[in-house]
Amino acid sequence: MGEIKHIGVLTSGGDAPGMNAAIRAVARNAIFHGMKVSGIFHGYNGMVRGEMEELTLRSVGKIISHGGTMLKSSRSEEFRTKEGRKQAFDHIQKLGIDALVIIGGDGSMRGAKIFQEEYDIPVIGLPGTIDNDLFGTDFTIGFDTAVNVAMECVDKIRDTATSHDRLFLVEVMGRDTGHIALRTSVASGAVAVLMPEDPMTIKELYDHLMYLKSNKKSSSIIIVAEGNPNGDAFEVATKLKEMKADYDTRVTVLGHIQRGGSPTASDRIRAAEMGAHAIECLLEGKRGVMVGIINQKLALTPIEKAVNMRSGFDQELYRISTQLSR
Ligand code: ADP
């Protein structure tokens, strides 16, 4: 394999705060090492359609504090097809791009792996998703911000819950994992958390609420991950009502607000470290790996493993949360 001279970088799938910090780190470190770097717009769609532009030291300036992604993102049906990926390869070849850094979630990593296999081009993945559901890193870029945003919302909801002695069910993102739900719950002092990984049934939740009532707790907050097996927050509220839980109950769905906002310091710093390391990896001849941070140290995981293995659920934090929510 020859020397890498021109990097292409894109953000794909669900946007996440900190993606901009990652783009900046990739671009600046590539330029630092004498390489050219092109931003590919709208995720894989931009590769298929040839939407690319050179990034300079200045063009990635003043983005570190911005949520979202300056390169835009998308979900690309075209890239899922062989013809689409062929068009994508033709475009990057025409521009002279000889390595890629893909910032995104597990779907984006799957696409990266297939593309590298088909076209033998070095690819490095960076975990950019609020879901924290990639194996090979303790925290994905965007997760910490999403938890902080959710926590701040719950703090506000608590004011009104307390004033009116209400039970609030707050739904957070997490179709397949309860990472956001669990950390939001612990950070905001919720009385319970319902997650896909959580065996808690409605009956157990009801019994817990009755216990709290008997202990003179007049208002409560429950965090509901959208993918928990009991249904969404509205369904959980209905089921509690059917069990005659004597509460004035309200539901708040946080939705896309969790994706937005200025990234936290942790997300910016992780994005900077991982983004810079992606370039170092390419210089060292590495390919097909995702950069992560495990136990506060940079770590590499084959992309195949990152997408096929499940990220660990924090059982210890869950155990502690059940002891504190009383
Ligand atoms: P995320 O990266 O946030 O998990 P998606 O699952 O939507 O988001 O994946 C982002 C994009 O990655 C998809 O729209 C598609 O273009 C590409 N992708 C995902 N899985 C594959 C696959 N098996 N083959 C090719 N491309 C894929």
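Basis of the calculations
- Residues numbered from 1 in each chain as written.
- Predicted model: local features only at pLDDT ≥ 70, side-chain atom pairs only at ≥ 80, totals over all residues.
- Heavy atoms only, no water.
- Pairing = 2+ DSSP bridges.
- Helix = DSSP H or I, 4+ residues; strand = E, 2+ residues; numbered from the N terminus.
- Axes fitted to C-alpha atoms, helices over the stretch in contact; angles between N-to-C directions.
- Contact = heavy atoms within 4.5 Å.
- Salt bridge = Lys/Arg side-chain N within 4 Å of Asp/Glu carboxyl O.
- Buried < 20%, exposed > 50% of the residue type's maximum accessible area, 1.4 Å probe, protein only.
- Polar contact = N/O pair within 3.5 Å; in protein donor to acceptor, adjacent residues only side chain to side chain.
- Parallel < 35°, antiparallel > 145°, perpendicular 65-115°, else oblique.
- Domains from an automatic or database assignment.
- Buried area = accessible area lost by both parts, 1.4 Å probe.
- Right-handed = clockwise from strand over helix to strand, strands pointing away.
- Near = heavy atom within 4 Å.
- Areas by Shrake-Rupley, 256 points an atom, 1.4 Å probe, with all protein chains shown as cover.
- Nonpolar A, V, L, I, M, F, W, Y, C, P; charged D, E, K, R; others polar.

## Some remarks on the sheet that holds strand β9 (residues 248-253)
In spatial order, the strands read β7-β8-β6-β9; together these four strands make up an open sheet with parallel pairing. Both edges of this open sheet fall to β7 (192-194) and β9, since each of them pairs with a single strand only. On average, adjacent strands in this sheet sit at an angle of 20° to one another, irrespective of strand direction. Taken strand by strand, helix α5 (residues 143-163) contacts β6 (166-172), β8 (220-225) and β9, and its axis lies near 165° from that of β6.

## Things to note about the pattern of salt bridges
Pairing between side chains becomes possible if they bear opposite charge and their charged atoms approach one another. What the rule picks out here adds up to 14 salt bridges. For K286, the salt bridge is made with E284, and the minimal N-O distance between the two is 2.5 Å. Bridged by salt links that share partners, the residues K82, R85 and E118 form one connected network.

## A short note on the side chain of T137
With respect to the helices and strands, T137 occurs in the loop between β5 (123-127) and α5. A relative accessible area of 9% means that T137 is categorised as buried. Among the polar contacts made by the side chain of T137, one reaches the main-chain carbonyl oxygen of F139 at a distance of 3.1 Å. Among the polar contacts listed, one links the side chain of T137 to the backbone nitrogen of I293, at a separation of 2.9 Å. Contact partners of T137, with chain neighbours within four places excluded, come to P127, M274, M290, G292, I293 and I294.

## Overview of the packing of helix α3 (residues 82-95) against helix α4 (residues 106-119)
Direction vectors running N to C along α3 and α4 enclose 70°, while the axes themselves pass 11 Å from each other. Between α3 and α4, the angle is such that the two are roughly perpendicular. Contacts from K82, R85, K86, A88, F89 and I92 in α3 reach I114, F115, E118 and Y119 in α4.

## What to know about the domain arrangement of the chain
Along its sequence, the chain is organised into domain 1 (6-142 + 263-308) and domain 2 (144-259). Measuring from the centre of the C-alpha atoms in domain 1 to the corresponding centre in domain 2 gives 34 Å. Contact residues are listed per partner, giving 14 residues for domain 1 and 11 residues for domain 2. Here domain 1 packs against domain 2, burying approximately 1100 Å² in sum over the two surfaces, 52% of which is carbon and sulfur.

## A word on the sheet that holds strand β4 (residues 99-104)
The sheet built from seven strands is open, its strands ordered β3-β2-β1-β4-β5-β10-β11 with mixed pairing. Each edge of the sheet is formed by a strand with only one pairing partner; in this case those strands are β3 (52-54) and β11 (297-302). Here the strands of the sheet are splayed against their neighbours by 25° on average, with no regard to which way each runs. Against the sheet, α4 contacts β4, β5 and β10 (289-294), and its axis sits at roughly 160° relative to β4.

## Remarks on the pairing of β5
β5 sits mainly inside the fold: five of its five residues count as buried. Across five bridges, β4 lies against β5 in parallel orientation. The residue bridging I102 from the neighbouring strand is G125, located in β5. In this view, the connection linking β4 to its parallel neighbour β5 by way of α4 has right-handed handedness.

## Section: the site of the ligand
Close to the ligand lie 16 residues; R75, S76, G105, G107 and S108 are nearest. G14 places a polar main-chain atom, nitrogen or oxygen, 3.1 Å from an oxygen atom of the ligand. In this structure, an oxygen atom belonging to the ligand sits 3.1 Å away from a side-chain N or O atom of D106. For the ligand, whose accessible area on its own is 560 Å², the fraction buried by protein is 85%. Taken together, the residues that form the shell around the ligand break down as three nonpolar, eight polar and five charged.

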